[in-house]
Structure formats: C-alpha cells, structure tokens
Amino acid sequence: MAAEGKSIDALSQFELGIALGPLGASVNFTQSNLHMVIVAVLVFALMSYGMRARALVPGRLQSLAEASYEFIMGMVTEQIGHEGRRFFPFVFTLFMFVLFGNMLGLFPYAFTFTSHIAATFALAAMVFVLITVVALMLHGKKFFGYFFPEGAPIWLAPIIIPVEIVSYLSRPISLSIRLFANMVAGHVMLKVFATFIVMLAGLGAVGPFLSLLPLTINVALVGFEVLVAFLQAYVFAILTCIYLHDAVHLH
Amino acid sequence: MSEQDGFEKRLNEARARQGLDRAEGGKAGLPGGSYGVGFRAGVEVFSALLVGVVAGLLLDRWLGTWPWLFLLMFVMGSAAGLLNVFRLFKPRGLKRD
C-alpha cells in the first residue's frame, strides 16, 4: 500500500470505496458516508450520554459536553450578538460535525470526509444559503444595498456592484477550500513521511536508524494535525458566525 | 450587600459605556500566526478569482460574447480577491464591513 513499487502513493487514501458490503453497494454507500454516520452517532452519544447524570460537579464526559456547549455559546453571542442565539443549534451542529470529522480522520484506518471538497462545499453551501435567506428575511430589499455602500459616488456603481457580488459569492468557496485544503495537505504530508519510513528502513544496515528521522517528523506532524483539526473546525464555525453577523446586522 | 451588588452593576455599566470590556479588536477570535494568515489570504484571493473566472465563462457561453466577459470578470475577480484580503486585515470596528 504505502511503498509498493518504490513510489510514493499519497493520494489513494482519499479514494472512495463501498462500505457495508453488498447492501452499501446497492445504494452507493461509501466509507465517507459511513464516517459521517459514525461522527453523528458520536456527537449524539457525547451530548446525550454525557449529560445523562446532570451532576452539579460534572464528570469527564459531562464537562466535555458542557465545555463544548459553552465554547460555541460564547462564540455565537460574542460574534453575532444576543439575537444570534437562535442560530446556536446550527453553529453547534456544524462545529461538532466538522471537529469530530477532522479528529476521527486522524485515527488509523479511518477516513477523513472533510478532505473531500464535495463534503466541505456542501456544508459551506448550506451556510451560504442560510445567511442569504436570513438577510433577505430580516431586511427584505435592503439586503441588496449590501452590494453598494451608501455614500459611494454613483458612477462607481458598475465597478463596485460586480466586485461586491463576486466577493459575496466567493464566501462559500473560500470557506470550503480552506477546510478541504488543510485536511488534504496534512494527510498527504503524513502519508509521504510514513512512506519515507518504510523506504529508508529497507536501506540495509543504516536503514532503520535513518528511518528514525521521518518517524520523529511524523510524531510531530500528528500533534500538529490535532491542532489543525481543531483550528479548522473553529475557523469554520467562527466564519459562519461572522457571516451570520453580517446577515443579521447588514454591516 | 445590596449596595455592593449595585456598585458592581454600575461599574459594569460604566465599563461598557467606555468600551473597556471589548478588549478584542479586529476579527475577534480568529487565530493569527503568519502561516495561517498567509494561507487564509491566499485562499481568499483564489476563491474570488475562481468565482470571477467561472462566472465570466458561463456568461460568455450564455451570451456568446467570448472572450470579453471572461476578461472583464477576471479583472472583477481579482479586485474582489483584493477586497477580501483587505477585509481580512481591516479591524472589525470600522464602518462598512
């Protein structure tokens, strides 16, 4: 798999395959879908099982559930304002889904569904549709004033309006590319250095010692990837909040 | 007791009035770091450019004006990319987001 034919095959880890045997094949249920289901179950289990005790002094799972709840609640109220609390369920679901997806992808044999632009773009498109619908519902026609700042000279309108529209449309693209590119880059690097370990180990007597070098890099990279996995979920959630702020308040 | 509570409340109100509690400026909470900021700026430019180019190509195919709208939208996309980067570094407090 890793070093067959003395070549580095870093991209085959992103290939989709069929999960759940013939049943999955009949509905094209890939391992990406399987991991999404696992993530959904894990998040649900954390929130429901962790909060079962409802203890005044929380246990480990309960404090994890409470910490994540308060983290997102703080982010939502700070970024959108008090009226933004109605978007809390959406942002919280999004954050937990992306975070668990990123983290789950770091386990051996697991698949990172956030490394597919189709998955991240679907999430970003959902955010985009939501912010547009919210802005239209709250502000009606005034939403279109967003594309032309008041006070700008009117003869600049043919330049400003297309630029603003392109800038607005680029939001879901940048949101999805950021997450997808970070996950792909991290996993490719992990795979490349892991391949180096195998290749260098086959170099005779000095091989095993040389292969310690990429091994140390990989150990550091795994730690770095945990950071990136959290950071990208955080960035995804906070940018969603910033966009929602713009939709609610229209600058 | 109640007097102390009242004092806390008034102190907090005064602090809020003076804007003392809003410590974070800029895109509050977005993590920094030179690598991260550079990457984010690159993504912003790239995505705006992508939207501009794709929109130009689609409009050209629809209206049969190849390559003029493509060229125009390419320039618009670059401008939008620069605008995105500008907004990335502009403090949030500024009017007109």
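For every chain, the first residue of the written sequence is number 1, and numbering continues from 1 onward in sequence order. Written order decides the labels, with chains lettered from A and ligands numbered from 1. Selection of residues for local features in this predicted model requires a pLDDT of at least 70, selection of side-chain atom pairs for listing and counting requires 80 or more, and totals for whole chains, interfaces and linings are taken over all residues.

Participant: Please give an account of the overall build of chain A that cites residues and values.
Facilitator: What counts as a helix is a DSSP run of H or I of at least four residues, what counts as a strand is a run of E of at least two, and both are numbered from the N terminus. Of the regular secondary structure elements, chain A holds eight helices and zero strands. Counting helices and strands in the order they occur from the N terminus, chain A gives α-α-α-α-α-α-α-α. Sequence separation of at least 24 residues holds for 64% of the intrachain contacts in chain A that already meet a minimum separation of 6. Residues are defined as contacting one another if the C-beta atoms placed from their backbone atoms lie within 7 Å.

Participant: Talk me through the interface of chain A and chain B; I want residue IDs and the actual numbers.
Facilitator: With 19 residues of chain A at the contact, the number on the chain B side is 23 residues. Elements supplying a minimum of two residues to the side of chain A that touches chain B: α3 (60-80), α6 (157-201) and α8 (212-249) of chain A. A total of 10 residues in the side of chain A that touches chain B trace back to one element, the largest contributor, which is α6 of chain A. Looking at the side of chain A that touches chain B, its residues break down into 12 nonpolar, four polar and three charged. The classification used treats Ala, Val, Leu, Ile, Met, Phe, Trp, Tyr, Cys and Pro as nonpolar, Asp, Glu, Lys and Arg as charged, and all other residues, Gly among them, as polar.

Participant: Give me the nonpolar core: which residues, what numbers.
Facilitator: Counting 55 residues, the largest nonpolar core has Val91, Leu94, Phe95, Val98, Phe236, Ala237 and Cys241 of chain A as its most contacted members. For this core, the elements supplying multiple residues, two or more each, are α2 (31-50), α3, α4 (88-104), α5 (117-139), α6 and α8 of chain A together with α2 (34-63) and α3 (68-89) of chain B. Ranked by residue count, the leading element in this core is α8 of chain A, at 12 residues. The term nonpolar core refers to a set of buried Ala, Val, Leu, Ile, Met, Phe, Trp, Tyr and Cys residues connected through C-beta atoms within 7 Å. The exposure label follows from counting other C-beta atoms within 10 Å of a residue's C-beta, where the C-beta atoms are placed from the backbone and the thresholds are 20 or more for buried and 12 or fewer for exposed, leaving partly exposed in between.

Participant: Explain the packing of α6 of chain A against α3 of chain B residue by residue, including any values.
Facilitator: Throughout, an axis means a line fitted to C-alpha atoms (over the contacting stretch in the case of helices), and angles, computed between N-to-C directions, take values from 0 to 180 degrees. For the pair α6 of chain A and α3 of chain B, interaxial distance at closest approach is 8 Å and the crossing angle is 65°. The angle between α6 of chain A and α3 of chain B falls in the class roughly perpendicular. Crossing geometry of α6 of chain A relative to α3 of chain B is assigned as right-handed. Residues Pro162, Val163, Val166, Ser167 and Ser170 of chain A of α6 of chain A form the contact with α3 of chain B, whose own contacting residues are Met76, Gly77, Ala79, Ala80, Leu83 and Asn84 of chain B. Roughly parallel refers to an angle under 35 degrees, roughly antiparallel to one over 145, roughly perpendicular to one between 65 and 115, and oblique to any angle outside these ranges. Should the near helix be turned anticlockwise from the far one by less than a right angle, the crossing is termed left-handed; should it be turned clockwise, right-handed.

Participant: Just give me the short version of α6 of chain A, but keep the residues and values in it.
Facilitator: Multiply 1.5 Å by the residue count of a helix minus one, and that product is the helix's expected span. For α6 of chain A, which comprises 45 residues, the first-to-last C-alpha distance of 64 Å matches the rise-based estimate of 66 Å (1.5 Å per residue) to within 8%. Two axes are fitted around each residue, one to the seven residues ending there and one to the seven starting there, and the angle between them is reported as the bend at that residue. At serine 170 of chain A, α6 of chain A is bent by approximately 35°, the largest bend along its length, and proline proline 172 of chain A sits one to four residues beyond.

Participant: Go over the environment of phenylalanine 193 of chain A, please, and point to the residues and values.
Facilitator: Residue and element names in this part refer to chain A. Mapped onto the elements of the fold, phenylalanine 193 is located in helix α6. The sequence separation of phenylalanine 193 and threonine 216 amounts to 23 residues, and the corresponding C-alpha distance is 9.6 Å. Not counting the four nearest positions on each side in its chain, phenylalanine 193 is found in contact with Pro214, Ile217, Asn218 and Leu221.

Participant: I'd like a description of unusual backbone geometry, backed by residues and values.
Facilitator: Note that the residue after tryptophan 66 of chain B, namely proline 67 of chain B, is joined by a cis bond; omega there is 0°. As for its position among the elements, proline 67 of chain B is in the loop between α2 and α3. We note that leucine 20 of chain A has phi near 65°; this positive angle belongs to a residue other than glycine. Take leucine 20 of chain A: it is sitting in the segment before α1 (21-27). Note on leucine 20 of chain A: 14 C-beta atoms within 10 Å, which makes it partly exposed. The backbone of tyrosine 109 of chain A shows a phi angle near 70°, a positive value even though the residue is not glycine. Along the polypeptide, tyrosine 109 of chain A turns up in the loop between α4 and α5.

Participant: Before we move on, could you go through the confidence of the model for chain B and cite the residues and values that matter?
Facilitator: Residue and element names in this part refer to chain B. How sure the predictor is of each residue is captured by pLDDT, a score from 0 to 100. Put simply, chain B has an average pLDDT of 78, and 71% of its residues get 70 or more. α3 holds the highest mean pLDDT among the elements of chain B, 92, whereas helix α1 (residues 2-18) holds the lowest, 71. This stretch, residues 22-28, has a pLDDT under 50; its non-local contacts, to residues over four places away or in other chains, come to nine contacts. Per the prediction output, this complex has pTM 0.84; the corresponding ipTM is 0.81.

Participant: If you had to explain the environment of alanine 122 of chain A to someone new, which residues and values would you point to?
Facilitator: One can find alanine 122 of chain A in helix α5. Taking the C-alpha atoms as reference points, alanine 122 of chain A and proline 172 of chain A, 50 residues apart in sequence, are found 9.1 Å from one another.

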